[in-house]
Amino acid sequence: MSETVLLVGGGGREHAIARAVDEAEEPATLYACASNRNPGIARLAEDFETLDENDPDAVVDYALEVGATLAAIGPESPLQAGVVDALEDADVYAFAPREDDARIETDKAFQREFMEANEIPGRIDYATFEDVDAACAYVEEYDGDVAVKPVGLTGGKGVRVTGDQVTTEEAVEYMRDSDWDDWVVEERLVGEEFTIQAFVAGDDVLVTPAVQDHKRAYEGDEGPNTGGMGSYTDASFQLPFMTEADSFEALQILEATVDALEDYRGILYGQFMLTADGIKVVEFNARFGDPEAMNTLPVLETDYVEVMQAARDGRPLPELEFANEATVCKYAAPEGYPVDPEAGTKVTVDEAGAREVAEGYDGDALLFYASVDERDDGIYTTTSRAFAVVGIADTIADAEAVAEAVLDEAGDEGLHVRHDVGKADLVQSRIDHVEDLRGD
């Protein structure tokens, strides 16, 4: 049976999902909808409808119009808005969690309380508040450094960490100046962050290679947090600073979380911190990461549509197979991102030239459009990341080299890039840090 797949969302993560659907062996016709017209997705889709992806009625109407038999939800905000529940009520299966299950991401207070109630490994010291004054007083009195997080969704840019990004006084000022009343305050974790994403359905929890994202805006891990300026994977399931035991410990946390959620389906993203005291949970997300999807999906050799079909039909998920290749993703974002991004800049990307450059390297490269808007006269930036280049090769060094060369050829005029992502010295600094943590 030929499937009709509806993709909800218009960013780089969704472009990676669209490519995975397009390359599936199972016959599938792709339709897409989002508030911005992503040119990369539009080229792969039979049709692209511009609508509010957080409006369940609008998404369902479009799904029924195109005869969708499967749906993939990219961003977190439609999950919170109940889009999956609405599609389910309309008999359209979405491989994504329902609104209540998505609270593992969309409500950070629920996330920590859920972990505590179900004794999920990797727990840390935390407190939740419904009053900003009480939260500020707690931060001022806490014996040690903390991470302060608004309870709701912030696009990856809402966290402030004392002793690292800000002082205690600056954290309190940030909280008082914000529009949030509900806060989670957590102990500051010291270590190396990594992400493992899992495909979940029924009793299956199938993991993808570990990824390390670079959240800080500027090279050398300086500046404010962003949605992610770039990321990398190694040619195995572990990052260079990890062991197989680290991966297994993270998998146990994901499995315990799924067991406690009972009816979870879709992607479960675990962001972990490798500390001197083992693996700790930074947070969970209820969807693919962005940029992490652009690292893992291009090397996924298992049919993505077949995975969604198996989940819908109640069959065991097919075993996930990945190419033994490393990946390096580098994002180009508007100048001023994330604090004061300049939207409305026309972006000119030399895709043909970039492909020619990639042919001269020992590896491959893919370009993913992200939060841009395609208009009649060209492609323009929004207030978020514009496009990403992903290098794919046998080693991280080779993947970084092809990504950098292709990014340079594609053109990043008027855009900001973290060129150090995947560089040998930065990767080595991660290895050295973990060796110090372990006392090696």
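Going by the structure above, here's the rest.
Once a new chain begins, its residue numbering starts again from 1 and follows that chain's sequence as written. Side-chain atom pairs in this predicted model are given and counted only at pLDDT of 80 or more, local residue features only at pLDDT of at least 70, and totals for whole chains, interfaces and linings cover all residues. Heavy atoms throughout the structure, all of them, feed into the side-chain values; hydrogens and water do not.

**Q** Please clarify how the pattern of salt bridges should be interpreted in this entry.
**A** Pairing between side chains of opposite charge can happen when their charged atoms approach one another. By convention in these notes, a salt bridge is any Lys or Arg side-chain nitrogen within 4 Å of a carboxyl oxygen on Asp or Glu. By the definition in use, this model includes 32 salt bridges. With a closest N to O distance of 2.7 Å, R13 and E14 form a salt bridge. Each of the two residues, R13 as well as E14, counts as buried. For R19, the salt bridge goes to E23, with nearest N and O atoms at 3.3 Å. The buried label applies to any residue whose accessible area, calculated with a 1.4 Å probe on protein chains only, is under 20% of its type's maximum; exposed applies above 50%, and partly exposed to all values in between.

**Q** Help me understand unusual backbone geometry, please; the structure alone is not making it clear to me.
**A** Comment: phi is negative for the bulk of residues other than glycine, and the bulk of peptide bonds are trans. A cis geometry characterises the amide bond from Y337 onward to P338, with omega recorded as 5°. A run of DSSP states H or I qualifies as a helix once it reaches four residues; a run of E qualifies as a strand once it reaches two. Both are numbered from the N-terminal end. Of note, P338 is situated in the loop between strand 18 (326-334) and strand 19 (346-347). One non-glycine residue, D91, adopts positive backbone phi at about 65°. Mapping D91 onto the fold places it in the loop between helix 5 (83-89) and strand 5 (93-94). Given a relative accessible area of 72%, D91 falls into the exposed group. With a phi angle near 60°, D221 is a residue other than glycine that sits in the positive phi range. In this structure, D221 sits in the loop between strand 13 (216-218) and strand 14 (222-225). Owing to a relative accessible area of 24%, D221 belongs among the partly exposed residues under this scheme.

**Q** Looking at this structure, I do not really get the side chain of N295. What am I missing?
**A** Within the secondary structure layout, N295 lies in helix 11 (residues 292-296). The exposure class of N295 is buried, given its relative accessible area of 0%. Note on contacts: a residue pair is in contact if any heavy atoms of the two residues lie within 4.5 Å. Not counting residues up to four positions away in its chain, the partners in contact with N295 are V211, S231, Y232, T233, T327, V328 and C329.

**Q** Help me understand helix 13 (residues 351-359) in this model?
**A** Since the α-helix packs 3.6 residues into each turn, any two residues three or four apart lie on the same face. Every buried residue of helix 13 is accounted for by E351, G353, A354 and A358. Across the axial projection of helix 13, the buried residues extend over an arc of 160°, all falling on one side. The exposed set on the far side of helix 13, more than 90 degrees from its buried face, consists of E356 and E359. Along its buried surface, helix 13 packs onto helix 2 (39-44), strand 20 (364-369) and helix 14 (396-410). By arc we mean the arc of the directions from the helix axis to the C-beta atoms, nothing more.

**Q** What exactly am I supposed to notice about the packing of aromatic side chains here?
**A** Both the distance between ring centres and the angle between the ring planes are used here to describe each pair of aromatic rings. Aromatic rings from Phe, Tyr and Trp, with only the six-membered ring used for Trp, were paired whenever their centres fell within 6.5 Å, and each pair was classed as stacked if the ring planes differed by under 30 degrees, edge-to-face if by over 60, and tilted otherwise. Tallied over the full model, the rule gives 11 aromatic pairs. Measuring from ring centre to ring centre gives 5.7 Å for F199 and F288, while their planes differ by 75°; the resulting arrangement is edge-to-face. Highlighted residues: F199 in strand 10 (residues 192-201) and F288 in the loop between strand 17 (278-285) and helix 11, separated in sequence by 89 residues. The pair formed by F199 and F288 is uniform in burial state, with each residue classed as buried.

**Q** Help me out: how do you make sense of the sheet that holds strand 16 (residues 266-275) in this one?
**A** Strands were regarded as paired on the criterion that DSSP finds at least two bridges between them. In spatial order, the strands read 11-10-16-17; together these four strands make up an open sheet with antiparallel pairing. The strands lining the two open edges of the sheet, one partner per strand, are strand 11 (204-207) and strand 17. Direction aside, the axes of adjacent strands within the sheet are offset by 35° on average. Here strand 10 pairs with strand 11 via four bridges, running antiparallel. Within strand 11, the position partnered with F199 by the bridge is L206. Between N-to-C directions, angles cover 0 to 180 degrees, with each direction set by a line fitted to C-alpha atoms, over the stretch in contact for helices.

None of this, on its own, says anything about what the molecule does.
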